[in-house]
Amino acid sequence: MSKHAAGIDPVVEAAAPLEVAALAAAAATAAATTAAAATAAAATAAATTAAATTAAVAGPALRSHEELKALAEAGTAELGWDAPARDVIAWVARNFELPAVAVACSMADAVLPALVADQLPGVDVLFLETGYHFPETYATRNEVAANLRVNVVDVLPENTVEQQDRLLGKDLFARDPAQCCALRKVAPLRRTLAGYELWFTGVRRDEAPTRTNTPLVTWDDANGLVKVNPVAAWSFEQLVQYSDDNLLPVNPLLAQGYPSIGCQPCTRKVAPGDDPRAGRWAGTDKTECGLHV
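A brief structural summary. (Residues numbered from 1 in each chain as written. Predicted model: local features only at pLDDT ≥ 70, side-chain atom pairs only at ≥ 80, totals over all residues. Heavy atoms only, no water.)

This part takes up helix α6 (residues 161-168). The periodicity of an α-helix, 3.6 residues per turn, causes residues three or four places apart in sequence to face the same way. Looking at α6, one finds that the buried residues are Val161, Gln164 and Asp165. Along the long axis of α6, the arc covered by the buried residues comes to 105 degrees, so they all point the same way. Among the exposed residues of α6, those pointing more than 90 degrees away from its buried face are Arg166 and Leu167. On its buried face, α6 is in contact with α7 (172-175) and α8 (177-193). Once α6 ends, the next one or two residues include Gly169, with phi positive near 95 degrees. (Buried < 20%, exposed > 50% of the residue type's maximum accessible area, 1.4 Å probe, protein only. Helix = DSSP H or I, 4+ residues; strand = E, 2+ residues; numbered from the N terminus. Arc of directions from axis to C-beta. Contact = heavy atoms within 4.5 Å.)

Here's what the structure looks like:
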């Protein structure tokens, strides 16, 4: 007769110590495998999300140089030599998208950022933060950032002024202004422009003999993108009038004898009737910082 039939509780025999250890090890291994799989899945999901976020922020991939060169040629053919600034910007808005467009601004005035933001609100405005600007220029930069529909981006050189002084000696601008501009303007801007398809500049034909042939649209071979100069045909008086009429931020130095404003150590007042850029690197044969040549 079985123990169940006899009403006797069966005795469950204890498992051997080795069997318990084996069971425990198997359970632990299974738990670890499950946890690892969950961690891997979470990591994959996080990576996918991060990649999607990065792609969303970065926007679509930049077009090839060949495509951009063709667009520059088409723009030149369509706009000619003296199309109105708004028409030039409208052409850009039809053929390019943010965030692949940037505006370079010295913060002498805010005319160009304002014109572009009317049709491309939220555009990046690149400010070359050389470390040598007038206080008035920094104040204008802050006004532009606060009051216009733009995103001001400070473009920084690899070294601060103090670091450059230690590496190359104090006041490089006085000994070799070309090298100083190359290190603090040209190279930083070139690195930054690598992330764009097109940049706007405020270069005008009346500024200097070196700028009299400035086109509205061109291919910038040095930086590898399209370059657009919407106010190339404007005079200094037109620029000031537009700024006044639209109550735009303006660098007060413009009204104090500085029609062209650069870094403080290399910018002087200009006598009435002189070349507007005569105050830049005065006393040297330097006429351009290298950004537009």
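Moving on, there is more to tell.
Now for the pattern of salt bridges. Taken as a whole, this structure holds eight salt bridges when the rule is applied. With a closest N to O distance of 3.6 Å, Arg149 and Asp118 form a salt bridge. Taken together, the residues span a long stretch of sequence, with Arg149 in the loop between α5 (135-147) and β3 (150-155) and Asp118 in helix α4 (residues 111-119) at a distance of 31 residues. A salt bridge links Asp154 to Arg141, with the shortest nitrogen-to-oxygen separation between them at 3.0 Å. Remark: Arg141 occurs in helix α5 and Asp154 occurs in strand β3; sequence separation between them is 13 residues. Its relative accessible area of 15% is what places Arg141 among the buried residues. In the salt-bridge network here, residues are joined through shared partners; they are Arg204, Asp206, Glu207 and Arg211. (Salt bridge = Lys/Arg side-chain N within 4 Å of Asp/Glu carboxyl O.)

Looking now at the sheet that holds strand β2 (residues 123-128). In a beta sheet, neighbouring strands pair by backbone hydrogen bonds and run either parallel or antiparallel. Across the sheet, six strands lie side by side as β3-β2-β1-β4-β6-β5; this open sheet has mixed pairing. The open sheet has two free edges, formed respectively by β3 and β5 (217-220), since each of these has just one partner strand. Going across the sheet, the axis of each strand differs from the next one's by a mean of 30 degrees, ignoring polarity. In this sheet, strand β4 (residues 198-200) lies alongside strand β1 (residues 101-104) in parallel orientation, the contact comprising three bridges. Its bridge partner lying in β4, Ala102 is registered against Trp199. Running at roughly 145 degrees to β3, α5 makes contact with β2 and β3 of the sheet. (Pairing = 2+ DSSP bridges. Axes fitted to C-alpha atoms, helices over the stretch in contact; angles between N-to-C directions.)

The next point concerns the packing of helix α2 (residues 65-79) against helix α3 (residues 85-95). The N-to-C vectors of α2 and α3 enclose an angle of 145 degrees; their axes lie 11 Å apart at closest approach. Here the hand of the crossing between α2 and α3 comes out right-handed. Counting all contacts with α2, which are made through Leu71, Gly75, Glu78 and Leu79, the residues of α3 involved are Asp87, Val88, Trp91, Arg94 and Asn95. In the contact of α2 with α3, the residues fall into four nonpolar, two polar and three charged. (Left-handed = near helix turned anticlockwise from the far one by under 90°. Nonpolar A, V, L, I, M, F, W, Y, C, P; charged D, E, K, R; others polar.)

Take the packing of aromatic side chains next. Here the structure, examined in full by the defined rule, presents five aromatic pairs. For the pair Phe134 and Tyr258, a centre-to-centre distance of 5.6 Å together with 65 degrees between the ring planes defines the contact as edge-to-face. One end of the pair, Phe134, is in the loop between β2 and α5; the other, Tyr258, is in the segment after α9 (236-245), with 124 residues separating them in the sequence. In this structure, Phe134 and Tyr258 share a single accessibility class: buried. Across from the ring centre of Phe96, 4.9 Å away, lies the NZ or CZ of Arg63, which sits over that ring. Against the face of Trp81 rests Arg205, its NZ or CZ located 3.6 Å from the ring centre. (Phe/Tyr/Trp six-rings, centres within 6.5 Å; stacked < 30°, edge-to-face > 60°. Lys NZ or Arg CZ within 6 Å of the ring centre and 35° of its normal.)

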